[in-house]
Amino acid sequence: MDTRFTQMLCVLSLVVTVQAFTQEGFKEVLLKQLGLSEVPKLHEGDLVDLVIPDHVKNKYISMLKRQRVKRRASPSLAGILRGIPGNTGEVLYSDTTMRQNLIFDMEGRIPKNSEVTMAELKLFKKPLDRANLPAKQSHRPVSNARVSVYWVQQQQDGTNRTSLIDSRLVPIRESGWKNFDVTQAVHYWLRNKRREPMFLEVWIEGERVGSHASEMAKAVRFTSQDPKDKALGKPELVLYTLDLENYGGPGDCREELMTGKSTCCRQKHYINFRELSWTQYWIIEPAGYQAYRCSGGCLQPPSPLWHFGYGERTCAVVESSPLPMIYLVKRGNRTEIEAAEFPNMVVEKCSCVTDG
């Protein structure tokens, strides 16, 4: 097949796939990727006692890190945020999980007309207290604990909903600073447009299933935001931003010029999975994402050229990237959890395309 024609088909399929971001169009794309004829009939009860297996969690985090914000230029440090005075960020214990709450005041911390390109959560792991280790038994050795960071969304009914942000294995016997990429959590907070602080939750679990691994994980301690915790190295949230005046993304729409819509550009278009009735139980992660869409007009060719096959020029998608997701699949009476990348879900570049 002619190479130029093949490229044209690829562009056309990309335009059809990514621009159809109506709710029905988006649903059609997802079902096609999964090979399903209809949305799985899932209910809130399917999420009761739901545990994301480690291999699924690791696969998702690995895919997510590949899709992190592209560093278009060297970002500048916007600030190092510490806990809010008066909020201790308590530590909660259960049989298999230790959870530590963190609270950061974000209001006024991000400069106007800037974009957060990177955010790091820095946690200081205290030296190991061997008194916290379980008695030695004939178990397979455990060297690590799994530490996961979740963004906590406080909903209107008073309940909380969490979204997995980063997860990694931390050596139990090592102390010092451990960094986690929480860029996505900051983007979620910005999307909510609330004046409340940002809430994060740190989960410490066994590196594998079993009571011994869970007991070993309980020996992992990070410094807390509690003023009574006199240990050095309080939790820190480090923000990096770009000044959009100097480093605005090529082809991105400037909000103040969108009323005229004179030039083809990439416009922000957020899809919130938590608000769509057909995705709120089906898609576990992410909570939503910035899909973008193409908007604006294009200069048209002189009318004589229309006789030679040149058609109307329209603003369309010419480059896209995949979106990693964790989702539920119903197979008979079983509900299974899977992770996969869905291609052509995020618009990366828009341009004027000529029909014909």
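Now for a look at the structure at hand. Owing to the predicted nature of the structure, the values given are computational and were not obtained by experimental measurement.

1. Details of the sheet that holds strand β15 (residues 313–331)
Consideration 1: Taking strand neighbours across the sheet as the criterion, the three strands line up as β12-β15-β16 in an open arrangement whose pairing is antiparallel. In this open sheet, the two strands that pair with only one neighbour each are β12 (283–285) and β16 (334–354). Shown here is a sheet whose adjacent strand axes are inclined to one another by a mean of 40 degrees, direction ignored.
Consideration 2: Set on the sheet, helix α3 (residues 54–66) makes contact with β12, β15 and β16; between it and β16 the angle comes to about 10 degrees.

2. A word on the packing of aromatic side chains
Consideration 1: This structure, assessed with the given rule, holds five aromatic pairs.
Consideration 2: Between tryptophan 151 and tyrosine 188 the ring centres are 5.1 Å apart and the planes differ by 45 degrees, which places this aromatic pair in the tilted class. In this pair, tryptophan 151 is assigned in strand β5 (residues 144–154) and tyrosine 188 in helix α4 (residues 183–192), connecting sequence segments 37 residues apart.
Consideration 3: A relative accessible area of 4% places tryptophan 151 in the buried class.
Consideration 4: The ring of tryptophan 203 has arginine 99 lying over it, and the distance from NZ or CZ to the ring centre is 3.7 Å.
Consideration 5: Between arginine 168 and the ring centre of phenylalanine 180, over which it is positioned, the NZ or CZ distance is 5.5 Å.

3. Remarks on the pairing of strand β3 (residues 97–104)
Consideration 1: Across the eight residues of β3, seven count as buried, placing the element largely inside the fold.
Consideration 2: Pairing analysis gives eight bridges linking β3 to strand β8 (residues 198–206), with the strands arranged antiparallel. Paired with arginine 99 across the two strands is tryptophan 203, which belongs to β8.

Here is what the cut-offs are and how they apply
Residues numbered from 1 in each chain as written. Predicted model: local features only at pLDDT ≥ 70, side-chain atom pairs only at ≥ 80, totals over all residues. Heavy atoms only, no water. Pairing = 2+ DSSP bridges. Helix = DSSP H or I, 4+ residues; strand = E, 2+ residues; numbered from the N terminus. Axes fitted to C-alpha atoms, helices over the stretch in contact; angles between N-to-C directions. Contact = heavy atoms within 4.5 Å. Phe/Tyr/Trp six-rings, centres within 6.5 Å; stacked < 30°, edge-to-face > 60°. Buried < 20%, exposed > 50% of the residue type's maximum accessible area, 1.4 Å probe, protein only. Lys NZ or Arg CZ within 6 Å of the ring centre and 35° of its normal.

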